Amino acid sequence: MNVAMVGAGYVGLVSGACFAEFGANVTCIDNDREKIGKLREGVIPIYEPGLTDLISKNLEQGRITFKAGYDATVGACDLAFIAVGTPSRRGDGHADLKYVYQAVRELAPWLRGYTVIVDKSTVPVGTARNIKRIIREENPKADFDVASNPEFLREGAALSDFMRPDRVVIGVETARAEQLLRELYRPLNLIETPMVVTGLESAELIKYAANAFLATKISFINEMSALCEAVGADVHALARGMGLDGRIGRKFLHPGPGYGGSCFPKDTRALVRIAQENNVTSRIVEAVMEVNEAQKARMINKIRTALGGNENGKTLAVLGLAFKPETDDMRDAPALSILPKLIENGVAVHAHDPQAMPEAKDLLPESVLYFDDIYAALSGADAVVLLTEWNAYRGLDLTRVKALMRGNVFLDLRNVYEPDTVRAVGFEYYCVGR
């Protein structure tokens, strides 16, 4: 089976590599010629565990190729996936579809024979029907169907999520399109992966609804963490007591500085906008977004309080900048909301992150100092702030940390450590919800 993957970003590269591993012949297309040149050499522009090896393997075996632009090869594909970015549009929070529609207009003239055009990007309800209209305008003779096949990839675990998914969602209008997509995903039949086959609008909405619900769980437990601190309860006991209820589940009940990343912030905003445009209220999702912003502000106040009520002139050693471990993604990371405000008030920041520092340098204030060595970042600090729960931070030599620092404040915003363990070394320990 021949597959075109339009867009060689995060979703396109992961999906393309995994489809190649499934046995398909995959052509990844991107307008960025420099990126395509590096990909042909096996140089991957993003950090995702295992992705470099998987792409290198399929490059060697000839099942994946990279092209800067379209040619007749694309027209001969059975399926063409649109996997370009849909960032939040400035001003209204809606998903910006200009890259999707541009990709479709560039693709349409090349279509030859029957092709299924598949939305892999996260797009609002109605996008598939707009794609169909555009293709008919650009190539009236094209024989095609449009489908929706949303991705559910967690950064840092994307290959596992693709190869062993909870479900595959397919939105189609014809049996012909359904058959081709089922054939492409046939390797998943061996592990009996559930296949949800539905209409275009339902498939488009499933991704937004799923992400909004997960974001709701995060904001809920963060709101409960504030209540736990106020009444002297333990948010971990609370989360365990809730999560053992099969109707609720344990996942995403982890308190922290708020959610970030490429999906939850923009998808919650887009879902609220979709509801507004259809004269439907979305009060729960709106509250989720408000709670998330409030949680970030609460973390600033927590740091300020730990520093004695005035952060001016203090040095913070910040461990972790990416929005989560096992990624270099800084999009909507809590660090981008928390650190600039502290720096504005006179804080000096020494930062370390195993992967995200190159990205962070373009987004955080210039005054931030970056360290390749964790302990060098801690030297002379008045306080340490554990902001992202990388494995590298889970086994710190706390005695050494204490000796290196000028102060003795340990702010664990991911609740990685047990309070008694850290306090026994001589730290003033602050966490979330305990």
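Shown above is the structure to which this text applies.
The structure reproduced in this document is the subject of the present report. From a predicted model like this one, the values you see are computed outputs, not experimental measurements.

1. Considerations on the layout of surface pockets
Turning to step 1, where the next piece is worked out: Considering only enclosed or pocket space, the second largest pocket measures out at about 1,200 Å³ in volume.
Turning to step 2, where the next piece is worked out: For the second largest pocket, the lining is made up of 41 residues, of which G9, Y10, V84, G85 and R331 are closest to its centre.
Turning to step 3, where the next piece is worked out: Sorting the residues of the lining of the second largest pocket by element identifies α1 (10–21), α5 (98–107) and α11 (264–277) as the ones contributing at least two each.
Turning to step 4, where the next piece is worked out: With 4 residues, α5 is the single largest residue contributor to the lining of the second largest pocket.
Turning to step 5, where the next piece is worked out: Here the residues of the lining of the second largest pocket sort into 16 nonpolar, 12 polar and 13 charged.

2. As for the nonpolar core
Turning to step 1, where the next piece is worked out: Judged by nonpolar contacts, the single largest core of 44 residues is most densely connected at F19, V26, L79 and F81.
Turning to step 2, where the next piece is worked out: With 8 residues, α1 is the single largest residue contributor to this core.
Turning to step 3, where the next piece is worked out: For F19, the residues in contact, after removing those within four places along its chain, are M5, A24, V26, F81, F162, L184 and Y185.
Turning to step 4, where the next piece is worked out: The next biggest cluster of nonpolar side chains, apart from the first, holds 35 residues, and it includes Y70, I82, A95 and I131.

3. Let's talk about the packing of helix α9 (residues 200–231) against α11
Turning to step 1, where the next piece is worked out: Packing of α9 against α11 brings their axes to within 9 Å, and their N-to-C directions diverge by 115 degrees. By crossing handedness, the relation of α9 to α11 is classed as left-handed. Contacts between α9 and α11 involve L205, K207, Y208, A209, N211, A212, L214, A215 and I218 from the former and F264, D267, T268, A270, L271 and I274 from the latter.
Turning to step 2, where the next piece is worked out: Residue composition of the contact of α9 with α11, by class: 11 nonpolar, 2 polar and 2 charged.

4. What about the environment of A226?
Turning to step 1, where the next piece is worked out: Position of A226 relative to the elements: it lies in helix α9.
Turning to step 2, where the next piece is worked out: Given a relative accessible area of 28%, A226 falls into the partly exposed group.

5. Focus on the pattern of salt bridges
Turning to step 1, where the next piece is worked out: Going through the model one piece at a time under the given rule, you end up with 28 salt bridges.
Turning to step 2, where the next piece is worked out: The salt bridge involving D143 is made with R176; its shortest N-O contact spans 3.5 Å. You can see D143 sitting in strand β6 (residues 143–148) and its partner R176 sitting in helix α8 (residues 175–184), a full 33 residues away along the chain.
Turning to step 3, where the next piece is worked out: K341 serves as the salt-bridge partner of E344, at 3.6 Å between the closest nitrogen and oxygen. Within this pair, E344 and its partner K341 are both found in helix α13 (residues 334–344), separated by 3 residues, close to a single helical turn.

6. Quick word on the packing of α9 against helix α12 (residues 283–306)
Turning to step 1, where the next piece is worked out: Running from N to C, α9 and α12 cross one another at 45 degrees; their axes reach a closest spacing of 9 Å. Relative to α12, α9 is oriented oblique. By crossing handedness, the relation of α9 to α12 is classed as left-handed. Here A212, A215, T216, S219, N222, E223, S225, A226 and E229 of α9 come into contact with α12, specifically with I284, V285, V288, V291, N292, Q295, R298 and K302.
Turning to step 2, where the next piece is worked out: When grouped by side-chain class, the residues that make up the contact of α9 with α12 number 7 nonpolar, 6 polar and 4 charged.

7. So, α5
Turning to step 1, where the next piece is worked out: Every buried residue of α5 is listed here: V100, Y101, A103, V104 and L107. Projected down its long axis, α5 shows its buried positions confined to an angular sector of 160 degrees, all on one face.
Turning to step 2, where the next piece is worked out: Contacts from the buried residues of α5 go to β1 (2–6), α4 (72–75), β4 (79–82), β5 (114–119) and α6 (127–138).

8. Here's the deal with unusual backbone geometry
Turning to step 1, where the next piece is worked out: The residue E192 is not glycine, and still its phi comes out positive at about 55 degrees.
Turning to step 2, where the next piece is worked out: As for its position among the elements, E192 is in the loop between α8 and β8 (195–198).
Turning to step 3, where the next piece is worked out: Positive phi values are uncommon outside glycine, yet N279 reaches one of about 55 degrees.
Turning to step 4, where the next piece is worked out: Examined against the element boundaries, N279 turns out to sit in the loop between α11 and α12.

9. Description of the pairing of strand β9 (residues 315–319)
Turning to step 1, where the next piece is worked out: When you tally the buried positions in β9, you get 5 out of 5 residues, the bulk of the element.
Turning to step 2, where the next piece is worked out: Every second residue of β9 is oriented toward a common face, with T315, A317 and L319 on one face and L316 and V318 on the other, all of them buried.
Turning to step 3, where the next piece is worked out: In terms of strand pairing, β9 meets strand β10 (residues 348–352) through 5 bridges, oriented parallel. Counterpart to L319 in the pairing with β10 is H352.
Turning to step 4, where the next piece is worked out: The parallel pair β9 and β10, bridged by α13, forms a crossover whose chirality is right-handed.
Turning to step 5, where the next piece is worked out: Relative to strand β12 (residues 383–386), β9 runs parallel, the two being bridged by 4 bridges. Among the inter-strand pairings, L319 is bridged to a residue of β12, identified as L386.

10. Structural notes on empty space enclosed by the protein
Turning to step 1, where the next piece is worked out: Taken as a whole, this structure holds 1 cavity of 30 Å³ or more when the rule is applied.
Turning to step 2, where the next piece is worked out: The computed volume of the largest cavity comes to approximately 50 Å³.
Turning to step 3, where the next piece is worked out: If you trace the largest cavity, you find it lined by D119, S121, T122, V123, S148, N149, P150, A203, E204 and K207.
Turning to step 4, where the next piece is worked out: Per element, the largest residue contribution to the lining of the largest cavity is 3 residues, and it comes from α9.

Criteria and thresholds
Along each chain, residues carry numbers from 1 onward, in the same order as the chain's sequence is written. In view of the model being predicted, local features appear only for residues whose pLDDT reaches at least 70, and side-chain atom pairs are presented and counted only at 80 or more, with totals across whole chains, interfaces and linings using the full set of residues. Excluding hydrogens and water, the side-chain values take into account all heavy atoms of the structure. Buried and open spaces are told apart on a 1 Å grid over the protein atoms alone, a cavity being a set of points where a 1.4 Å probe fits but cannot get out and a pocket being an open set with protein on both sides within 12 Å along at least five of seven lines. Residues with an atom within 4 Å of a point are the lining residues. Grid points are joined across faces, edges and corners, and a volume is the space filled by probe spheres set on the points. Numbering of helices and strands starts at the N terminus; helices are DSSP runs of H or I of at least 4 residues and strands are runs of E of at least 2. Polar here means any residue other than Ala, Val, Leu, Ile, Met, Phe, Trp, Tyr, Cys and Pro, which are nonpolar, and Asp, Glu, Lys and Arg, which are charged; Gly is therefore polar. Here, nonpolar core refers to any group of buried Ala, Val, Leu, Ile, Met, Phe, Trp, Tyr and Cys residues whose side-chain atoms link them within 4.5 Å. The buried label goes to any residue with under 20% of its type's maximum accessible area, the exposed label to any with over 50%, and the partly exposed label to all in between, with areas taken from a 1.4 Å probe on protein chains only. Contacts: residue pairs with any heavy atoms within 4.5 Å of one another. Lines fitted to C-alpha atoms define the axes, with helix axes restricted to the stretch in contact, and inter-axis angles between N-to-C directions lie between 0 and 180 degrees. We call a crossing left-handed when the near helix sits turned anticlockwise from the far one by less than a right angle, and right-handed when that turn is clockwise. Salt bridges, as used here, are contacts in which a Lys or Arg side-chain nitrogen is within 4 Å of a carboxyl oxygen on Asp or Glu. For this classification, under 35 degrees means roughly parallel, over 145 means roughly antiparallel, 65 to 115 means roughly perpendicular, and everything else is oblique. In this description, the arc belongs to the directions extending from the helix axis to the C-beta atoms. Any two strands between which DSSP finds at least two bridges are classified as paired. If you view a crossover with the strands going away from you and the path from the first strand over the helix to the second runs clockwise, you call it right-handed.

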